[in-house]
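# Notes for the structure review
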Amino acid sequence: MKKIISFSAAAVLAVSCIIPAYAEGADSTSMTVQEAVDYALEHSLTIAKCKADVYGKKYEMAQAKINQNQLKDNGYLEVSSIETGLALKGYAYEATKLSYEVAQRSMEDNKKTIEVQVKNDFYTYLDSVSSTELAKQNLESAQTRLASAEMKLKSGAISELDCKNFELSVKSAQNALNSAQRDMEVKLITLKNTMNYPADKELVPVGRLEFEYGELMTAEEAIKKSRSESTYLNIADSLELAKKRWQISSGFYIGTQNEYKSEKATYESAVADFTQNVNNLDLGIRQMYNGLLTLKENVECAEFSLEIQKSNAEAAYLKYEMGLVTANDYRETEQSYIKAQNELQELKLSYITTKLKYDNMLLSAN
């Protein structure tokens, strides 16, 4: 029994069916998309490195606090340098605290990135399965047309040239199937690599794609959501840290000193960076939103066009049967229809994977 996967507002959801997690046969393992995500997170080397980084930053933060307390307890301390002053006033601790928080956010972001990438590759593989099935159907149709043409050739109803055109359709369809099968194999390897799954062990992704547009956040809604995401929090906290350094250093130096002017310029640069980074973040969201709207419109147009191409192909074959067009004319119309099928499928997959990144604020898709 296959699991049906439908694309909804926030992501692609799986309709439940009775399949045990990591269902293993003698030589293979069957996984749903969520099971594939769970496996990837459990076996991710990136996450293992992130955990180590979080632990390291935690110890650095603890040491910075110890250093600050030691400075406070030193009754004979003379603050003769800005670095000592920064450590005493807690700037060094705040800097290590921010590094610790950034490391934690980075780990969560990497988990999200892995989840999105696994889903991306999982759906791309399932799409390649659909493409292969479509190529098989087109080949069967071409073979049926050829069989009919060969019978007509024997009876003298058509010319040998006409029959060869149908032979060419079969060869083209067979080549398309061969290419789709090779592509499917590569897509499976890509999925296994993303999951860190053993290359020598068989993986059977379970599911079938059902396309839906789903609910789409407006750019304004997505921007509002971004204010609670790591990217914005990191740049906002960096500005707060720069502000704290400026407050401490502005009380340490005289306004005419070069050091004062340098610290002031550093803070002003941090303010400019914050504004620029937020503007770029918001622009990236708007660009991705506009891209999704364009993809949606292109899918709708391609669906309409496909219906026309299908009718043209059916009409062209009837005209061929009536002797109104040549076999070559029919073959060219048929190839246009097959091309339209593939283009529509590619557009749908592009919408699915782009929306997946958009919903999760992975703006690298731009």
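What counts as what
- Residues numbered from 1 in each chain as written.
- Predicted model: local features only at pLDDT ≥ 70, side-chain atom pairs only at ≥ 80, totals over all residues.
- Heavy atoms only, no water.
- Helix = DSSP H or I, 4+ residues; strand = E, 2+ residues; numbered from the N terminus.
- Buried < 20%, exposed > 50% of the residue type's maximum accessible area, 1.4 Å probe, protein only.
- Contact = heavy atoms within 4.5 Å.
- Areas by Shrake-Rupley, 256 points an atom, 1.4 Å probe, with all protein chains shown as cover.
- Expected span 1.5 Å × (residues − 1).
- pLDDT = per-residue confidence, 0-100.
- Core = buried A, V, L, I, M, F, W, Y, C linked by side-chain atoms within 4.5 Å.
- Salt bridge = Lys/Arg side-chain N within 4 Å of Asp/Glu carboxyl O.
- Axes fitted to C-alpha atoms, helices over the stretch in contact; angles between N-to-C directions.
- Parallel < 35°, antiparallel > 145°, perpendicular 65-115°, else oblique.
- Left-handed = near helix turned anticlockwise from the far one by under 90°.
- Nonpolar A, V, L, I, M, F, W, Y, C, P; charged D, E, K, R; others polar.
- Phe/Tyr/Trp six-rings, centres within 6.5 Å; stacked < 30°, edge-to-face > 60°.
- Lys NZ or Arg CZ within 6 Å of the ring centre and 35° of its normal.
- Lys, Arg positive; Asp, Glu negative; His and termini not counted.
- Polar contact = N/O pair within 3.5 Å; in protein donor to acceptor, adjacent residues only side chain to side chain.
- Pairing = 2+ DSSP bridges.

### With respect to the overall build of the protein
Counting its regular elements, the protein contains nine helices and six strands. For the protein, with 366 residues in total, the buried portion stands at 40%. Taking the intrachain contacts of the protein between residues at least 6 apart in sequence as the baseline, contacts between residues at least 24 apart amount to 79%. Carbon and sulfur atoms form 51% of the exposed surface of the protein, whose accessible area is close to 20,400 Å².

### Considering helix α4 (residues 91–154)
Between the first and last C-alpha of α4 there are 92 Å, a value that for 64 residues agrees with the 94 Å anticipated at 1.5 Å per step. Looking one or two residues beyond α4, the residue adopting positive phi is G156, at roughly 80°.

### What to know about the environment of I158
Its location among the elements puts I158 in the loop between α4 and α5 (160–195). Separated by 169 residues in the primary sequence, I158 and A327 place their C-alpha atoms 9.5 Å from one another.

### What to know about unusual backbone geometry
Of note, N196 is a non-glycine position whose phi angle comes to about 60°, a positive value. Inspection of the secondary structure puts N196 in the loop between α5 and β5 (202–205).

### Looking at the confidence of the model for the protein
Per-residue confidence for the protein averages 89 on the pLDDT scale, and 90% of its residues sit at or above 70. Note on residues 1–22: pLDDT is under 50 here. Beyond four places in sequence and across chains, it has 66 contacts.

### Re the nonpolar core
Membership of the largest hydrophobic core comes to 24 residues, with the highest contact counts inside it found for M31, V118, F122, Y123, M195 and L203. For this core, the elements supplying multiple residues, two or more each, are α1 (33–42), α4, α5 and α9 (327–359). At eight residues, the largest contribution of residues to this core is made by α4. Apart from residues lying up to four places away in sequence, M195 is in contact with M31, A36, Y39, A40, H43, V118 and L203.

### Things to note about the pattern of salt bridges
Evaluation of the coordinates by the stated rule reveals 16 salt bridges. The residue R208 makes a salt bridge to E133 at a minimum N-O spacing of 2.6 Å. With a gap of 75 residues between them, R208 in strand β6 (residues 208–210) and E133 in helix α4 connect regions that are remote in the sequence. Of the charged contacts, one joins K187 and D183 as a salt bridge, the two residues approaching to 2.6 Å between their closest N and O atoms. On the criterion of helical spacing, the pair formed by K187 and D183 is a turn pair, its members being four residues apart in helix α5. Residue classification places K187 among the partly exposed residues on the basis of a relative accessible area of 22%. Salt bridges linked by common partners bring E83, R245 and E263 together as one network.

### Things to note about the packing of helix α7 (residues 230–250) against helix α8 (residues 258–321)
For any two helices packed against each other, one specifies the crossing angle of their axes together with the interaxial distance. Running from N to C, α7 and α8 cross one another at 165°; their axes reach a closest spacing of 9 Å. By the criterion of interaxial angle, the relationship of α7 to α8 is roughly antiparallel. Note that α7 runs across α8; the crossing there is left-handed. Residue-level inspection shows T231, Y232, I235, A236, L239, A242, K243, R245, W246, S249 and S250 of α7 in contact with α8, the latter providing Y260, E263, K264, Y267, A270, V271, F274, N277, V278 and L281.

### Let's talk about the packing of α4 against α7
For the pair α4 and α7, interaxial distance at closest approach is 11 Å and the crossing angle is 175°. As summarised for this structure, α4 and α7 are arranged roughly antiparallel, according to the angle between their axes. Listed contacts from α7 to Y91, E94, A95, L98, E101, V102, R105 and D109 of α4 are S230, L233, N234, D237, S238, L241, K244, R245 and I248. When grouped by side-chain class, the residues that make up the contact of α4 with α7 number seven nonpolar, three polar and seven charged.

### Focus: the packing of aromatic side chains
Applying the stated criterion to the full structure yields twelve aromatic pairs. Of the aromatic side chains, those joined through ring pairs into one cluster are F166, Y317, Y320 and Y330. Positioned above the aromatic ring of Y317, the side-chain terminus of R145 is 3.7 Å from the ring centre. It is K296 that lies over the ring of Y213; its NZ or CZ is 4.8 Å from the centre.

### Side note on the side chain of R331
Of note, R331 is situated in helix α9. One buried charged residue, R331, forms no salt bridge at all, with the nearest opposite charge on E332 at 5.0 Å. There is a polar contact of 3.2 Å between the side chain of R331 and the side chain of N165. For R331, the residues in contact, after removing those within four places along its chain, are N165, L168 and S169.

### Quick notes on the pairing of β5
With burial as the criterion, only one face of β5 is covered, namely that bearing L203 and P205; the residues E202 and V204 on the opposite face remain uncovered. With four bridges joining them, strand β4 (residues 28–31) and β5 adopt parallel strand pairing. Bridging across to β5, S28 finds its partner in E202.

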